[in-house]
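Chain and residue survey
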Amino acid sequence: MVQFYLLSILLNIVVGVCLFSASSEAETAFDDFDESPRKKALSKAKNVKETLKNDSIFTNATFCMISGVLCAIVGFIKLFFVFHVGTRDSGLPVLGDFLPALFGLAGGATLVLCHFAESFADHELPDFVENILFRYKKYIGCVCIIVAVVHFIIPGFIIF
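Two quantities define a packed helix pair, namely the angle between the helix axes and the distance between the axes. One can describe the packing of helix H1 (residues 2-22) onto helix H7 (residues 137-153) by two numbers: an axis separation of 7 Å at closest approach and a directional angle of 155°. The orientation of H1 relative to H7 falls into the category roughly antiparallel. Considering how the two elements wind past one another, H1 and H7 form a crossing that is left-handed. Between H1 and H7, the contacting residues are Tyr5, Ile9, Asn12, Ile13, Gly16, Val17, Leu19, Phe20 and Ala22 on the first element and Lys137, Lys138, Ile140, Gly141, Cys142, Cys144, Ile145, Ala148, His151 and Phe152 on the second. Of the residues in the contact of H1 with H7, the class split is 13 nonpolar, four polar and two charged.

See the structure below:
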């Protein structure tokens, strides 16, 4: 289904940018390292983050919530409907769509849970969510973008 292929790519990129721009500066600080390449990478990441935070739609909570829900739904649907390239049968076609579906689910769930944690501060989330998804949401966003770009360039790419 070409429609879900396109939606998966677009929503993975949007969710990746939302997660990257929503990560706090404390998560990007490299306190333990004084190496100059790390400081250069940190300053570049701060410049990109400041550009994204200045009146950007990617920092709007409603936009991030809607795109997170849509990305999780499309990721779930992509687990069952696979995009075939050409007419050949590759044996296990689900492997080519597994990573975009998996990171669509992970990125969408991270955005939805971040919105839930900000909106309902009274309720506690499990430690797994706070330790893994919230702490590494910048990296989840970057991987969502990378997987979407690779999936766009090479649609039937089988990782395994």
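Listing the buried residues of helix H6 (residues 127-134) in full gives Val129, Leu133 and Phe134. Across the axial projection of H6, the buried residues extend over an arc of 75°, all falling on one side. Seen from the open side of H6, the exposed residues pointing more than 90 degrees away from its buried face are Asp127 and Phe128.

Next up on the list: the environment of Val14. Within the element layout of this structure, Val14 appears in helix H1. Separated by 50 residues in the primary sequence, Val14 and Cys64 have C-alpha atoms spaced 8.6 Å apart. Those residues in contact with Val14 that sit more than four places away from it in its chain are Phe58, Phe63 and Ser67.

The subject of this paragraph is the pattern of salt bridges. In the structure shown here, the tally under the stated rule is one salt bridge. Among the ionic pairs, Asp97 bridges to Lys78, the shortest N-O distance being 3.6 Å. A residue pair is termed long-range when its members are at least 10 positions apart, and Asp97 in helix H5 (residues 94-119) and Lys78 in helix H4 (residues 61-78) qualify at 19 residues. Lys78 shares its class with Asp97; the two are buried.

With that settled, the discussion passes to the confidence of the model for the protein chain. Per-residue pLDDT for the protein chain averages 77, and the proportion of residues at 70 or more is 67%. Of all helices and strands in the protein chain, the one with the weakest mean pLDDT is helix H2 (residues 25-28) (43), whereas H4 scores best (92).

The final tally for this structure, using the stated rule, is three aromatic pairs. The interplanar angle of 75° and the centroid separation of 5.2 Å between the aromatic rings of Phe76 and Phe80 together place this pair among those described as edge-to-face. Taking the relative accessible area as the measure of exposure, Phe76 reaches 47% and is therefore partly exposed. Measuring from ring centre to ring centre gives 6.1 Å for Tyr136 and Tyr139, while their planes differ by 45°; the resulting arrangement is tilted. Judged by relative accessible area, Tyr139 falls into the partly exposed class, the value being 39%.

What is meant by a disulfide is a covalent connection between two cysteines, made through their sulfur atoms. By the definition in use, this model includes zero disulfides. With no disulfide partner, Cys64 has as its closest neighbouring cysteine sulfur the one in Cys18, 3.3 Å distant. By relative accessible area, Cys64 is classed as buried at 10%. As a non-bridged cysteine, Cys71 has Cys144 as the owner of its nearest cysteine sulfur, 6.2 Å distant. By relative accessible area, which is 2% here, Cys71 ends up buried.

About the criteria used
Residues numbered from 1 in each chain as written. Predicted model: local features only at pLDDT ≥ 70, side-chain atom pairs only at ≥ 80, totals over all residues. Heavy atoms only, no water. Axes fitted to C-alpha atoms, helices over the stretch in contact; angles between N-to-C directions. Helix = DSSP H or I, 4+ residues; strand = E, 2+ residues; numbered from the N terminus. Parallel < 35°, antiparallel > 145°, perpendicular 65-115°, else oblique. Left-handed = near helix turned anticlockwise from the far one by under 90°. Contact = heavy atoms within 4.5 Å. Nonpolar A, V, L, I, M, F, W, Y, C, P; charged D, E, K, R; others polar. Buried < 20%, exposed > 50% of the residue type's maximum accessible area, 1.4 Å probe, protein only. Arc of directions from axis to C-beta. Salt bridge = Lys/Arg side-chain N within 4 Å of Asp/Glu carboxyl O. pLDDT = per-residue confidence, 0-100. Phe/Tyr/Trp six-rings, centres within 6.5 Å; stacked < 30°, edge-to-face > 60°. Disulfide = S-S within 2.5 Å.

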